[in-house]
Amino acid sequence: QVQLVESGGGLVQPGGSLRLSCTASGSIFSIDDMGWYRQAPGEQRELVARITRGGSTNYGDSVKGRFAISRDNAQNTVSLQMASLKPEDTAVYYCNARIRTRFGYNIDAWGRGTQVTVSS
């Protein structure tokens, strides 16, 4: 059993900042890529940012230069620092991780999501 739990969502004014965190727990042997996706009402889920175990990153075009992803391999956590937030960043943000379990299975795990609302 593997779980991803997100935290840090909320309401923020345009131009503000917010930090999301996600912790993986359970029968984990190792974690490969970790990332954040988001889904706004009526829209498809889209990539926000991903990071490899070695620290290589890639970002969605709409967040480049404003968001920064990081991870702590020892703590099985991934974080997303969001700055210069815009109303169009409003969405449910989901944590994702590619996990090798202690039983030898590979899992594409998802968190339940955390709401981010950017509004004045």
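Check the entry above for the structure.
Draft legend 1. How the structure looks around the packing of aromatic side chains. Evaluation of the coordinates by the stated rule reveals one aromatic pair. We note Arg45 situated over the ring of Trp110; from NZ or CZ to the ring centre the distance is 4.7 Å.

Draft legend 2. Focus on the sheet that holds strand S3 (residues 18-26). Taken in spatial order, the four strands of this open sheet run S1-S3-S8-S7, and their pairing is antiparallel. Here the strands that pair on one side only, and so sit at the sheet edges, are strand S1 (2-7) and strand S7 (67-72). Sheet twist, expressed as the average angle between the axes of neighbouring strands with direction ignored, equals 15°. Across six bridges, S1 lies against S3 in antiparallel orientation. Following the sheet pairing, Val2 is matched in S3 by Gly26.

Draft legend 3. Quick peek at the environment of Ser79. Here Ser79 is to be found in strand S8 (residues 77-82). Among the residues examined, Ser79 registers a relative accessible area of 9% and is labelled buried. Along the chain, Ser79 and Gln3 lie 76 residues apart, while their C-alpha atoms are 16 Å from each other. Of the polar contacts made by the side chain of Ser79, one reaches the side chain of Ser21; its length is 3.4 Å.

Conventions adopted
Every residue gets a number counted from 1 within its own chain, in the order that chain's sequence is written. Local features in this predicted model are restricted to residues of pLDDT 70 or higher, and side-chain atom pairs are both shown and tallied only at a pLDDT of 80 or more, whereas totals for entire chains, interfaces and linings draw on every residue. Values shown for side chains rest on all heavy atoms present in the structure; no hydrogens or waters enter the calculation. Here a Phe, Tyr or Trp ring, Trp counted by its six-membered ring, pairs with any other such ring whose centre lies within 6.5 Å, and the pair is stacked when the planes are under 30 degrees apart, edge-to-face when over 60, and tilted otherwise. The rule for a charge over a ring is simple: NZ of Lys or CZ of Arg within 6 Å of the ring centre, and within 35 degrees of the ring normal. Pairing between strands requires that DSSP locate at least two bridges from one strand to the other. Secondary structure elements are defined from DSSP: runs of H or I of at least 4 residues count as helices, runs of E of at least 2 residues count as strands, and each element is numbered from the N terminus. Between N-to-C directions, angles cover 0 to 180 degrees, with each direction set by a line fitted to C-alpha atoms, over the stretch in contact for helices. A 1.4 Å probe rolled over the protein chains alone gives each residue an accessible area, and that area as a share of the maximum for its type sets the label: buried under 20%, exposed over 50%, partly exposed in between. Here a polar contact means two N or O atoms within 3.5 Å. Within protein one must be a hydrogen donor candidate and the other an acceptor candidate, and residues neighboring in sequence count only if both atoms are side-chain atoms.

Function-wise, these values are silent; they only describe arrangement.
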